[in-house]
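# Topology and contacts: notes
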Amino acid sequence: MSHKSSSLKQLALQKFKKNFWGVFSFCFIIFIGLVSVFAYVFAPDSSQYANQMHLAIHSKRPGFKVTMLTIPSRLETNQNGLDKLFFGKKDADTEIPISEYKMKGDILTYKEYASDGLEGVEKTMNIHEFPKGSYKTYIKEKTFLFGTDKYGRDLLSRVLVGARISFFIGFVAVFISLVIGIFMGSIAGYFGGKVDAVIMWIINVTWSIPTLLLVIAITLALGKGFWQVFIAVGLTMWVEVARVVRGQIISAKEMQYVTAARALGYNDFRIITKHILPNIMAPVIVISAANFAAAILIESGLSFLGIGAQPPMASWGAMIKDHYNYIILGKPYLAIIPGLCIMSLVMAFMLIGNALRDALDVKG
């Protein structure tokens, strides 16, 4: 039995490897996963939530360059390396975009960058305010590859950090939906009768409420925020999993191997977990991939409505909300870039779902 199941796994793996779009999507998802975990390593702006604002250079085109003067802070931030790696630097330094600067003795004179053809304000500071007088390391040319958003934040950094929410909501929501869905579906399908009737009633009631309304209701009950959205999305997705598991178990419990397990005196829990569930996981895996994509879309919709991840946290949906009116103001990339990110990640999960369905179709 174990030899047969391992050979079926190998067969499924071989079929999956032959599917170009499935493998490509898998590699793309792994890449996005690494980017979301180590976002602050790749992001040009590694401050917390990539939230360095420079209002003087707001809504600039991709590839925009400016000279940036960093004024060091006297405040000490006690932050270890791991905290910086995963949650960004608690940056107390001030960054100022400048158009020109000159030195006269110990005095640094600089002109602040001014957009729209206005004259920048001229300011002076003593170079002894910089550590060991090394002022030149604090004046650098900065390139904004994706341009800047309406608050003058680096759009590339915001996109990289925003990947974290969209990616992890998929994981948490799918995990919650699998735990509840498999549990409810297994009990309903295996025991049948009144238990099945009660669970099916709960499933039908949950199914009849529009997903977005249900998520909004749960979010309002739990409060606005990061984890609340994760839980809310997960609690709306278990229904589909439960229905599939129930249907699969109803047909599987009549099989000979289940009758043999009962004859051997195994308890119901063991029969469900050790014998039935491993044999019906193929459709559940396919649904999980589709749920991943749905979770990302729901989170983006919630962030767009303002009840998802809260500012200053970066989220692709919130970025579209902040900039969708720029589409008609001649700067569509501010909304199109996060939109393309959502589209590509959802597409990857849909393609991997299709590839898994083909690979796990043993009858085929």
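Everything in this summary refers to the structure shown in the same document.

### Digging into the packing of helix H6 (residues 193-208) against helix H8 (residues 226-252)
Following both chains from N to C, one finds H6 and H8 inclined at 145 degrees, their axes separated by 10 Å at the closest point. For the pair H6 and H8, the sense of crossing is left-handed. Contacts from Asp196, Met200, Ile202, Ile203, Asn204, Thr206 and Trp207 in H6 reach Trp238, Val239, Glu240, Ala242, Arg243 and Arg246 in H8. In terms of residue class, the contact of H6 with H8 is made up of seven nonpolar, two polar and four charged.

### A closer look at the packing of helix H2 (residues 20-37) against helix H13 (residues 333-359)
Between H2 and H13, whose axes approach to 8 Å, the crossing angle comes to 135 degrees. By the criterion of interaxial angle, the relationship of H2 to H13 is oblique. Crossing angle aside, the handedness with which H2 passes H13 is left-handed. Across from Trp21, Gly22, Ser25, Phe26, Phe28, Ile29 and Ile32 in H2, the residues of H13 making contact are Ser344, Leu345, Ala348, Phe349, Leu351, Ile352 and Ala355.

### Some words on the side chain of aspartate 45
Note that aspartate 45 resides in the loop between helix H3 (39-42) and strand S1 (64-71). Of the side chains with opposite charge, lysine 142 lies nearest to the buried aspartate 45, which makes no salt bridge, at 5.6 Å. Reaching out from aspartate 45, the side chain makes a polar contact with the backbone nitrogen of glutamine 52 at a distance of 3.2 Å. Once residues within four sequence positions are removed from consideration, aspartate 45 is found in contact with Ala50, Asn51, Gln52, Asp154 and Ser157.

Rules of the game
Residues numbered from 1 in each chain as written. Predicted model: local features only at pLDDT ≥ 70, side-chain atom pairs only at ≥ 80, totals over all residues. Heavy atoms only, no water. Axes fitted to C-alpha atoms, helices over the stretch in contact; angles between N-to-C directions. Helix = DSSP H or I, 4+ residues; strand = E, 2+ residues; numbered from the N terminus. Left-handed = near helix turned anticlockwise from the far one by under 90°. Contact = heavy atoms within 4.5 Å. Nonpolar A, V, L, I, M, F, W, Y, C, P; charged D, E, K, R; others polar. Parallel < 35°, antiparallel > 145°, perpendicular 65-115°, else oblique. Buried < 20%, exposed > 50% of the residue type's maximum accessible area, 1.4 Å probe, protein only. Lys, Arg positive; Asp, Glu negative; His and termini not counted. Salt bridge = Lys/Arg side-chain N within 4 Å of Asp/Glu carboxyl O. Polar contact = N/O pair within 3.5 Å; in protein donor to acceptor, adjacent residues only side chain to side chain.

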